[in-house]
Amino acid sequence: MKNNRQKTKKTKLKSGWKPLNVLSKILIYAYALILIVPLMFAVITSFKTAEERVVDPIGLPESLQWSNYVIAWQEGSLLRATINSLIISGGGIILLMLNVILVSYCLNRIRDTKIGTALYMLILCTMFIPSVGSVTTVMLRRQLGLYNNYIGEILCSAVGITFGVFIVSGFLRTIPRDLEEAAMIDGARDGQIMFRVLVPVIKPALVTVGIFSFTGIWNACLGPMLTLRDEKLFTIPMALLLNFTGQFTVEYEKMFAGVIMTSIPIVIIYLKCQKSFTSALTGSVKG
Amino acid sequence: MSQKVNLNKIKLKYKRKYKYVVWILPSLFGLLLLSVYPRLQIFPMSLYKWSPVSSIKEYKGLHYYKMMFQYNIDNTLLYAKNTIMYIFFLFAIQTVLSFLLALALQKNTKHNRIFRAFFFLPMVFSSTMISLTWAYMYDPNLGIINALLGKLSVDGFPGFSFFQKNWMAVLCIVIVHIWANIGYPITILTSGLNTISEEVMEASRIDGANAWQSFWKITFPLMLPTALRLSLLTVSTGAMASDYIVMIGSRSMEKDYDTWAAVLYKGVLNSTDYGSLCAKCVVMFFVLAVFSLIQYLALRKVENAVLG
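Bear in mind the structure is a predicted one, so any value in this text is a computation, not a measurement.

**Things to note about the interface of chain B and chain A**
- Residue-level contacts link 84 residues of chain B with 91 residues of chain A.
- Of the roughly 8,400 Å² buried between chain B and chain A, counting both surfaces, carbon and sulfur atoms make up 79%.
- The interface formed by chain B and chain A holds one salt bridge in total.
- One salt bridge in this structure joins Asp190(A) and Lys19(B), with 2.8 Å as the shortest N-O distance.

Structural data, given as structure tokens:
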């Protein structure tokens, strides 16, 4: 017994000083440095005056220029952009989640039938068609009146159910049928079973899909740039990209003030739901 | 008695499944119309001369394909070369780096969990935010990297342009891509590494294998399917990546390092000759499809070999 304990102590000590462990620590810290340097300079620059930035790009500012933030908020029309982003991402995510829940529920109900399997495969197969249709999408959306307006953006983000259906119906499969049958015997209708009984049970999967899709819609920039041409409809990423760059100059200090202001909410969401992000990823590859 | 009747009724109701099919149809229609149909429409539309603003459609046959492979062959090859470089750099650097970091972060200690979360952080930033930050890092005159190297009095800094040669520009942009996305492969690989059972490793240690041997003989083969699946993803994202090329590259004057996807994107934004863009889409479609097929077959082979 005593001998054993000594042994574990010894191996612990040994594993702490292996050259491999030291190497991996060095690697981790070196990469962390690479990760943090650009972020650090973005923050520092946002507090400088334009002159300070040009004369000494890497030095610290003499005093904190909070006015950069105020000017960035106004010049970049970030209030407008925030409202637009909230409307598009909010509307998009609500419709998308309802869509995902409905489709997953129905697919789960008919999963034993041939047509159910066929529909499931059809939805999954859309993942494997290379997404190179930006040219024709723009034309189609012009024809359908989904071009350059909120409703088009919202609808087009709400139809992308493939990933969500994949995760949520995978989760639904693990839930015993008895639960639904019991609810049915109690006289629950489909809507009640879906939202009262199943949604609370599959909440982890829904949170995962929701957060992931939300950041996707919120951060989208190049896609919306093709279909939202009106300056009044710009979302946050578009406003950041287009409102701070003049023809020859870039007002970096104001731009970074804008960048930081608009990134903080998403960082907070990430810190709160960090587990859901990673479980979404591992789930999507393993399953 | 009445309860039994009720139960039968419910079972009957439960068996009526057609209504669920009907409920799915609107969603399915939306998906097929807005997401799938445009991707397939590129095939017929590449045969016409058309633009999004006018309704005139002129049949051109294979004209645009001839243009691409005869008259504009130089440009076509240049873009193809850039795309291949992009994929190569992305694949080589990201695979090695993420594997090393995943091995380093494998143990589930608090320290490692914090760093895993930290390395994942850039994935939640928008590509705009990342591009703007890095455009400032790379800026030849006022950029941070130049200023830092100038402080260390390295020759030629500041004033060094990171985008002066094709391969350098692509490499710099790929570094940004990796910086932004490495959290993904690290997460997948660490969770894969943690499924390798401790007993197997213990057994190999008892048999006298050192860390190097047990890595190559146990960890590596067991991780191969996961790594291949990741590489499939890396190659296809690399082939379709346009975000960072468009947003960082637009700052400098030369546009010689556009990848295929970036050319397409800029075309949709600026040109009105949509027929030729569709022809480019079709070529890209086939290249991506072939890539996926090769990777899929390789994956099947390796999985069969590893799992018996």
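**Let's talk about the nonpolar core**
- Among the nonpolar cores identified, the biggest contains 157 residues, and Tyr86(B), Phe119(B) and Ile130(B) are the most heavily contacted of them.
- It is helix H5 (residues 78-109) of chain A that provides the largest number of residues to this core, a total of twelve residues.
- Both of domain 1 (2-66) and domain 2 (77-243) of chain A provide at least three residues apiece to this core.
- The residues contacting Phe119(B), other than those within four sequence positions of it, are Ile28(A), Tyr31(A), Ala32(A), Leu35(A), Leu101(B), Leu105(B), Ile182(B), Gly183(B) and Ile186(B).
- In this structure, Phe99(B), Met201(B), Phe215(B) and Met223(B) belong to the second largest nonpolar core, which totals 13 residues.

**With respect to the packing of aromatic side chains**
- Applying the stated criterion across every chain yields a total of 32 aromatic pairs over all chains.
- For the ring pair Tyr79(B) and Trp260(B), a centre distance of 6.3 Å and an interplane angle of 65 degrees mean the geometry is edge-to-face. Separated by 181 residues along the polypeptide, Tyr79(B) in helix H4 (residues 73-104) and Trp260(B) in helix H13 (residues 260-270) bring together distant segments of the chain.
- Above the face of the Tyr147(A) ring, Arg142(A) is positioned so that its terminal group lies 4.3 Å from the ring centre.
- The ring of Tyr48(B) is capped by Lys57(B), whose NZ or CZ atom sits 4.6 Å from the centre of that ring.

**Overview of a nonpolar patch on the surface**
Residues and elements named next belong to chain A.
- Where nonpolar side chains cluster on the molecular surface, the patch consists of Leu20, Val22, Leu23 and Ile26 and spans about 370 Å² of accessible area.
- The topology assignment puts leucine 20 in helix H2 (residues 19-46).
- Accessibility expressed as a relative area gives 49% for leucine 20, which makes it partly exposed.

**Some remarks on the packing of helix H6 (residues 114-125) of chain A against helix H9 (residues 162-173) of chain A**
Residue and element names in this part refer to chain A.
- For the pair H6 and H9, the least separation of the axes is 9 Å and the interaxial angle reads 140 degrees. Taken together, H6 and H9 sit at an angle that is classed as oblique. Along this stretch, H6 crosses H9, giving a crossing that reads as left-handed. Contact residues: Tyr120, Ile123 and Leu124 in H6; Thr162, Val165, Phe166, Ser169 and Arg173 in H9.
- Classifying every residue of the contact of H6 with H9 gives five nonpolar, two polar and one charged.

**Focus: the environment of Ala180(B)**
Residue and element names in this part refer to chain B.
- When you line up the elements, alanine 180 lands in helix H8 (residues 166-181).
- For the pair alanine 180 and isoleucine 130, spaced 50 residues apart in sequence, the C-alpha separation works out to 7.3 Å.
- Apart from residues lying up to four places away in sequence, alanine 180 is in contact with Pro122, Met123, Ile130 and Tyr244.

**Regarding the pattern of salt bridges**
- Under the criterion given, the structure shown has ten salt bridges over all chains.
- Between Arg109(A) and Glu180(A) there is a salt bridge, and its shortest N-O distance comes to 2.9 Å. Here the residue Arg109(A) occupies a position in helix H5, and Glu180(A) occupies one in helix H10 (residues 177-185), the gap between them amounting to 71 residues. Like Glu180(A), Arg109(A) is buried.
- The partner of Lys266(B) in a salt bridge is Asp258(B), and the shortest N-O contact between them spans 3.1 Å. No difference in accessibility class separates Lys266(B) from Asp258(B), as the two residues are buried.
- A cluster of three or more residues bridged by salt bridges with shared partners is formed by Arg109(A), Glu180(A), Asp190(A) and Lys19(B).

**Observations regarding unusual backbone geometry**
- For Ser77(A), which is not glycine, the phi dihedral falls at a positive 40 degrees.
- Relative to the assigned elements, Ser77(A) resides in the loop between helix H4 (67-75) and H5.

**So, the environment of Pro38(B)**
- Along the chain, Pro38(B) falls in helix H2 (residues 18-45).
- Judged by its relative accessible area of 0%, Pro38(B) is buried.
- What Pro38(B) contacts, discounting residues up to four positions off in sequence, is Gly133(A), Thr136(A), Thr137(A), Leu140(A) and Leu33(B).

**A short note on the environment of Ala102(B)**
Residue and element names in this part refer to chain B.
- Residue position: alanine 102 is located in helix H4.
- Classification of alanine 102 by relative accessible area gives buried; the value is 1%.
- Sequence separation of alanine 102 and isoleucine 186 is 84 residues, and the distance between their C-alpha atoms is 5.2 Å.

**Some points on H8(B)**
- Helix length check: H8(B), at 16 residues, gives a terminal C-alpha distance of 23 Å against a target of 22 Å (1.5 Å per residue), a fit within 8%.
- The buried count for H8(B) comes to twelve of 16 residues, which makes it a mostly enclosed element.
- Within the sequence span of H8(B), burial applies to Asn166(B), Met168(B), Ala169(B), Val170(B), Cys172(B), Ile173(B), Val174(B), Val176(B), His177(B), Ile178(B), Trp179(B) and Ala180(B).
- Packed against the buried residues of H8(B) are H2 of chain A together with H4, helix H6 (127-138) and helix H12 (243-249) of chain B.

About the criteria used
- Residues numbered from 1 in each chain as written.
- Chains lettered and ligands numbered in written order.
- Predicted model: local features only at pLDDT ≥ 70, side-chain atom pairs only at ≥ 80, totals over all residues.
- Heavy atoms only, no water.
- Contact = heavy atoms within 4.5 Å.
- Buried area = accessible area lost by both parts, 1.4 Å probe.
- Salt bridge = Lys/Arg side-chain N within 4 Å of Asp/Glu carboxyl O.
- Core = buried A, V, L, I, M, F, W, Y, C linked by side-chain atoms within 4.5 Å.
- Buried < 20%, exposed > 50% of the residue type's maximum accessible area, 1.4 Å probe, protein only.
- Helix = DSSP H or I, 4+ residues; strand = E, 2+ residues; numbered from the N terminus.
- Domains from an automatic or database assignment.
- Phe/Tyr/Trp six-rings, centres within 6.5 Å; stacked < 30°, edge-to-face > 60°.
- Lys NZ or Arg CZ within 6 Å of the ring centre and 35° of its normal.
- Patch = residues over 30% accessible without salt bridge, like charges linked within 9 Å, V, L, I, M, F, W, Y side chains within 5 Å.
- Areas by Shrake-Rupley, 256 points an atom, 1.4 Å probe, with all protein chains shown as cover.
- Axes fitted to C-alpha atoms, helices over the stretch in contact; angles between N-to-C directions.
- Parallel < 35°, antiparallel > 145°, perpendicular 65-115°, else oblique.
- Left-handed = near helix turned anticlockwise from the far one by under 90°.
- Nonpolar A, V, L, I, M, F, W, Y, C, P; charged D, E, K, R; others polar.
- Expected span 1.5 Å × (residues − 1).

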